[in-house]
Amino acid sequence: MADALVCHFDDETESSLRALRERLGEAGIDVPDERPSVTMARAGSIPAAARKALRGELELLSIPDLWLHALGTLPGDERMLLLGAVVDTELLAVHSAVHDALAGKVKNPSAYYFPGAWIPYCALARGLDTDQLARAFTALLPPEPVRAAVREISVVDTRTGDAETLLTR
């Protein structure tokens, strides 16, 4: 996958999430040196026409704050520790509107991010073995909820890190 539609947060939220990553680092866990985010969509390509449609749709939406507090992991080859978001009707409505705007305009969309399959989360650490995952959980239990104020939504090229901001609040 090459392009991701991501939500970035205000400074206070980023600071809280980086503090959690620092606690993991103190427990000997490698953490990503990337901006904390929640991904709403992924595709091989989100072309200019799709970005324009999406920008227009985002300007009409009321983007809710996210409540990140479910410490967990996902099945699959890449074991990660994540902080999952509470899924409510407001968040699901925004997510569905985003995908409606992208429908038929992107190349190779990822089904993991489609409405009904999407699990919103912020990755705290990736590529963990079983021992590291156990240490990571121990380092962060009990999880403290983070109110994540979305301040920016961007399309990020996941290969290069280049980003195009579509909405700033």
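Residues numbered from 1 in each chain as written. Predicted model: local features only at pLDDT ≥ 70, side-chain atom pairs only at ≥ 80, totals over all residues. Heavy atoms only, no water.

Under the annotation held in an unreviewed UniProt entry, the protein carries the name 2'-5' RNA ligase family protein and is attributed to Saccharopolyspora ipomoeae.

The next thing to look at is unusual backbone geometry. Cis peptide bonds are those with omega within 30 degrees of zero, and the linkage from Leu 141 to Pro 142 qualifies with -10°. You can see Pro 142 is positioned in the loop between helix H4 (130-140) and strand S7 (146-148). Positioned with a positive phi, Asn 108 is a non-glycine residue whose angle comes to about 55°. Position of Asn 108 relative to the elements: it lies in strand S5 (residues 107-109). (Helix = DSSP H or I, 4+ residues; strand = E, 2+ residues; numbered from the N terminus.)

Those residues of H4 lying buried are Gln 132, Leu 133, Ala 136 and Leu 140. All buried residues of H4 fall inside an arc of 100° around its axis, so they share one side. Projecting away from the buried face of H4 at angles above 90 degrees are the exposed residues Thr 130 and Thr 138. Close packing links the buried residues of H4 with helix H1 (11-26), strand S3 (66-72), strand S4 (80-85) and strand S6 (121-126). (Buried < 20%, exposed > 50% of the residue type's maximum accessible area, 1.4 Å probe, protein only. Arc of directions from axis to C-beta. Contact = heavy atoms within 4.5 Å.)

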